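# Survey of secondary and tertiary structure
What follows is the residue order along each chain.
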Amino acid sequence: MLGGGVTGMDGGKLIVLTAPLTESIDHAGYFIQMSMASLPIWMEGILNKKYPKWRDVERNQDKSARYMPAGLRVLEASLLREYSPDDIGVCYPDDLDAFIGPNTRVVAISTHNPLGVTFAAGVYASIFGSNKQPINSFYAREMFARVKASPFRRQFKVIVGGSGGWQISQTNTWEELSVDCIVEGRSESRETLELFAKAVRGEAVPRQVEVGHPRDRHSILVPDKRTTFGVVEMTTGCGRRCQFCLPDLNPQLDVPKERIMAGVRANVREGNNQISLATEDMFIWGQVHTDTPFYFPNREALLNLYSDIVNTPGVEHHVLSHATIAPAVVDPVLIEKLTNICIDKSPIKIPLLSTHPEKRALVPLIGLETASVRVAKQIMPSKGVPFPIDEWPSVVIRGLEILNKNNWFPAMTLIIGNPGETDEDVKATLDLVYEVERRGLFAFFIPSIFTPLHDTRMEKKEGVTETDQLTPLQWQLMMKCWKMNLRPGQASWWGPMAWRLGAIGMWAYKLRKLNGPHFTWPMMMFASALPESVMAKMGKIHVGRPLHVKTRKELLASIKPHQWQHLREDTGDLPEGGPAPTPRSHRLVMAQAV
Ligand code: SF4
């Protein structure tokens, strides 16, 4: 063991691990973290009212944090391979003074959005006003200030990891936040341990380090501790190769089932009753580096995994994380069977939409990004595989039909202001959004403004930097999405009226000046000040044109014929004259091998 015995609360822990409070909590519900990442700090009072106890975190007997983000727990597990548990303290920012002492050599911080500059964060804060700092960025800064003010600051190094480290380097806020080193990459790597060893010895550390990603599924560490929201890693990477995507740059790996289950049991053992699997696309699990392309889901393996998770004694809630929509069209039977397994444990209820007896719903996060085939070809040509990207709008509509039928109401992200986006491209996306409405389908559309994320294949591209640069059509798309999103919450007779008056009042008071003249009519449409058909006749908005949507049978026929063998007979609509689907017995063998 390293550390030379300098341990104990009196002298402080050798290595202290922490994360912003707003990224650590999970007891106040699933939507609070999203709100904290998006709403500006001046709106914090609204959250305080709705979740009065959001700051009441649980601690272990030794004051250490009961729950921490999964990324920080992976770092802890990685360090525990070389250091004694007595050398490592994991605490909430409020408790830092109790853990940092003269013996402390490293304070390691995990954060995914310290300054509020990711896709959704920042955009809404900037729409809402002059103080653009999102709530979680405020709390992250408060944590950095506390570390900076420590009387022992000269004796330890501050190392920042997590997906938000790049924000500090890009904004050159090392000194301001008192950060010594930013680590990009996973903490399992040898380089991470060497970096910590250097800091522990009191040697200088580089300002920025890139560390390697595990190359095989067995090298991914699954922490044996409770994580925020019961997050257990399921896969890394994705494989669809969207140009703007950061996680896709990681190797495509799926974590072995036994490790996932150990992570689930660890959470339950430590008092967590909720589980969520971390993935970029849940449907690739069990089909990574097999003989079948990853975009034909391994139905048996997935059903087996999810069934074992939700039936683990102590698991009361389970939520889906990220997914893609094409697998729903490829295998609707999988969606139906997964629903039967998972929906009773979903804590999300949508009374106006769900046909479940208790109105439960499944809400995975799925990328739509654009419905302009022209833009899609440029930024995400493989988003819809095995279907050609030309069929993307039809894949989205048919996928949504299948999902909605099974009480899945996905949150779908859209990117506004893609580089080179024309009015025609925005109209194409509006057409799809209106088509969804016309067909009575539902998704929570989450529009955000294109931000060239560091290290992605699009990092050099220019995006829209201020909301007053948005065109009227881009504004309309954003406001139309939010107007539709409010539908499930407007069951009462007074709800829509109150919303309209509030929205118009807000526009008159503040937003009109802030967001420029292009915002006016989209805002009126949002507030339903006039019927949309009237506004369209006045030439103020674009009302979506009806889309020609291909049938599922036509879509399956658009898959490359040599891949037809991977389709499942029991899903119907199979193309005629192609190779026969793989026999079921062979698939079972594949499922058991995962
Ligand atoms: S489908 Fe999603 S996770 Fe996969 S590459 Fe595209 S954006 Fe990334």
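This is a predicted model, so every value here is computed, not measured.

## Here's the deal with the overall build of the protein chain
The helix and strand tally for the protein chain stands at 23 helices and 15 strands. Across the 594 residues of the protein chain, 58% fall into the buried class. Per element, the accessible surface of the protein chain, about 24200 Å² overall, is 55% carbon and sulfur.

## What to know about the confidence of the model for the protein chain
The pLDDT averaged across the protein chain works out to 87; a share of 84% of its residues lies at or above 70. Note that residues 1-8 has pLDDT below 50 and, in this model, 17 contacts with residues that lie over four places away or in other chains.

## Section: the sheet that holds strand β11 (residues 317-319)
Spatially, 3 strands are ordered β7-β10-β11 in an open sheet, and the strand pairing comes out parallel. Of all the strands in the sheet, just β7 (231-233) and β11 have a single pairing partner and so form its edges. Strand-to-strand twist in this sheet, taken as the mean axis angle between neighbours without regard to direction, amounts to 25°. As defined by bridge partners, β7 adjoins strand β10 (residues 274-278) across 3 bridges and the pair is classed as parallel. Within β10, the position partnered with Val 232 by the bridge is Leu 277.

## A look at the packing of aromatic side chains
Taken as a whole, this structure holds 8 aromatic pairs when the rule is applied. Taking the centre distance of 6.1 Å and the plane angle of 65° together, the rings of Tyr 67 and Tyr 92 count as edge-to-face. Residue Tyr 67 is located in the loop between α3 (44-50) and α4 (70-79), and its partner Tyr 92 is located in the loop between β2 (88-90) and α5 (96-99); the two are separated by 25 residues in the primary sequence. With respect to class, Tyr 67 is no different from Tyr 92; both count as buried. Aromatic pair Phe 442 and Phe 444: ring centres 4.8 Å apart, planes at 90°, arrangement edge-to-face. In this structure an aromatic cluster arises from ring pairing among Trp 54, Phe 138 and Tyr 139.

## What about the sheet that holds strand β13 (residues 365-369)?
One open sheet accounts for 4 strands, arranged β12-β13-β14-β15; its pairing is parallel. In this open sheet, the two strands that pair with only one neighbour each are β12 (322-323) and β15 (444-449). Strand direction decides the pairing type here: β13 and strand β14 (residues 411-416), joined by 4 bridges, are parallel. Each bridged residue has a counterpart across the sheet, and for Glu 369 the counterpart in β14 is Leu 414. Docked against the sheet, helix α18 (residues 472-485) engages β14 and β15, running at close to 150° with respect to β15.

## Quick look at unusual backbone geometry
Note: most residues except glycine have negative phi, and most peptide bonds are trans. Cis peptide bonds are those with omega within 30 degrees of zero, and the linkage from Val 385 to Pro 386 qualifies with 15°. Tracing the chain through its elements places Pro 386 in the loop between α15 (373-379) and α16 (392-405). The phi angle at Glu 369 is positive, at roughly 70°, despite the residue not being glycine. Structurally, Glu 369 is set in strand β13. You can call Glu 369 buried: its relative accessible area is 7%. For Asp 573, which is not glycine, the phi torsion reads 60° and is therefore positive.

## What to know about the site of the ligand
In the vicinity of the ligand, the residues found are Cys 238, Arg 240, Arg 241, Cys 242, Phe 244, Cys 245, Asp 248, Glu 280, Thr 324 and Lys 383. Its residues assigned to classes, the shell around the ligand comprises 4 nonpolar, 1 polar and 5 charged.

## A short note on the side chain of Arg 398
Here Arg 398 shows up in helix α16. At 2.6 Å, the side chain of Arg 398 and the backbone oxygen of Lys 550 are in polar contact.

## What to know about the pattern of salt bridges
Tallied over the full model, the rule gives 40 salt bridges. Residue Arg 360 is joined to Glu 358 by a salt bridge in which the shortest nitrogen-to-oxygen separation is 2.7 Å. Residue Arg 360 is classed as buried on the basis of its relative accessible area, which comes to 14%. Residue classification places Glu 358 among the partly exposed positions, given a relative accessible area of 42%.

## Points about the packing of α16 against helix α17 (residues 423-438)
Packed helix pairs are specified by the crossing angle of their axes together with the interaxial distance, meaning the distance between the axes. With their axes 11 Å apart at the nearest point, α16 and α17 run at an angle of 25° to one another. As far as their axial angle goes, α17 and α16 are roughly parallel. Considering the relative orientation of α16 and α17, their crossing is right-handed. Residues Pro 393, Val 396, Ile 397 and Leu 400 of α16 form the contact with α17, whose own contacting residues are Leu 432, Glu 435 and Val 436. In terms of residue class, the contact of α16 with α17 is built from 6 nonpolar, no polar and 1 charged.

## Looking at a nonpolar patch on the surface
A cluster of nonpolar side chains, namely Leu 530, Val 534 and Met 538, defines an oily patch on the protein surface of about 220 Å² accessible area. Judged by relative accessible area, which is 33%, Leu 530 ranks as partly exposed.

## Here's the deal with the nonpolar core
Membership of the largest hydrophobic core comes to 97 residues, with the highest contact counts inside it found for Ile 260 and Phe 445. Summarising the domain contributions, this core has at least three residues from each of domain 2 (219-457) and domain 3 (556-593).

## Re the pairing of strand β4 (residues 157-161)
With respect to burial, β4 is a largely interior element, 5 of its 5 residues being buried. Side chains Lys 157, Ile 159 and Gly 161 project from β4 onto one buried face, and the interleaved Val 158 and Val 160 project onto a second face that is buried too. In terms of strand pairing, strand β3 (residues 106-110) meets β4 through 5 bridges, oriented parallel. Directly across from Val 107, in β4, lies its bridge partner Val 158. Direction of pairing for β4 relative to strand β5 (residues 181-184): parallel, over a ladder of 2 bridges. Looking across to β5, one finds that Val 160 is bridged to Ile 182.

## Details of the environment of Glu 316
Relative to the helices and strands, Glu 316 resides in the loop between α12 (299-310) and β11. Glu 316 sits 41 residues away from Ile 275 along the chain, and the two C-alpha atoms are 8.4 Å apart.

## Points about the side chain of Arg 568
If you trace the backbone, Arg 568 turns up in the loop between α22 (552-557) and α23 (584-593). Relative accessible area serves as the criterion here: at 7%, Arg 568 is assigned to the buried category. In this structure the side chain of Arg 568 is engaged in a polar contact, spanning 2.9 Å, whose partner is the side chain of Glu 300.

## Concerning the environment of Arg 241
Summarising the element assignment, Arg 241 is placed in the loop between β8 (235-236) and β9 (253-254). Taking the C-alpha atoms as reference, Arg 241 lies 8.0 Å from Pro 381; in sequence the two are 140 residues apart.

Conventions used here
Residues numbered from 1 in each chain as written. Predicted model: local features only at pLDDT ≥ 70, side-chain atom pairs only at ≥ 80, totals over all residues. Heavy atoms only, no water. Helix = DSSP H or I, 4+ residues; strand = E, 2+ residues; numbered from the N terminus. Buried < 20%, exposed > 50% of the residue type's maximum accessible area, 1.4 Å probe, protein only. Areas by Shrake-Rupley, 256 points an atom, 1.4 Å probe, with all protein chains shown as cover. pLDDT = per-residue confidence, 0-100. Contact = heavy atoms within 4.5 Å. Pairing = 2+ DSSP bridges. Axes fitted to C-alpha atoms, helices over the stretch in contact; angles between N-to-C directions. Phe/Tyr/Trp six-rings, centres within 6.5 Å; stacked < 30°, edge-to-face > 60°. Near = heavy atom within 4 Å. Nonpolar A, V, L, I, M, F, W, Y, C, P; charged D, E, K, R; others polar. Polar contact = N/O pair within 3.5 Å; in protein donor to acceptor, adjacent residues only side chain to side chain. Salt bridge = Lys/Arg side-chain N within 4 Å of Asp/Glu carboxyl O. Parallel < 35°, antiparallel > 145°, perpendicular 65-115°, else oblique. Left-handed = near helix turned anticlockwise from the far one by under 90°. Patch = residues over 30% accessible without salt bridge, like charges linked within 9 Å, V, L, I, M, F, W, Y side chains within 5 Å. Core = buried A, V, L, I, M, F, W, Y, C linked by side-chain atoms within 4.5 Å. Domains from an automatic or database assignment.

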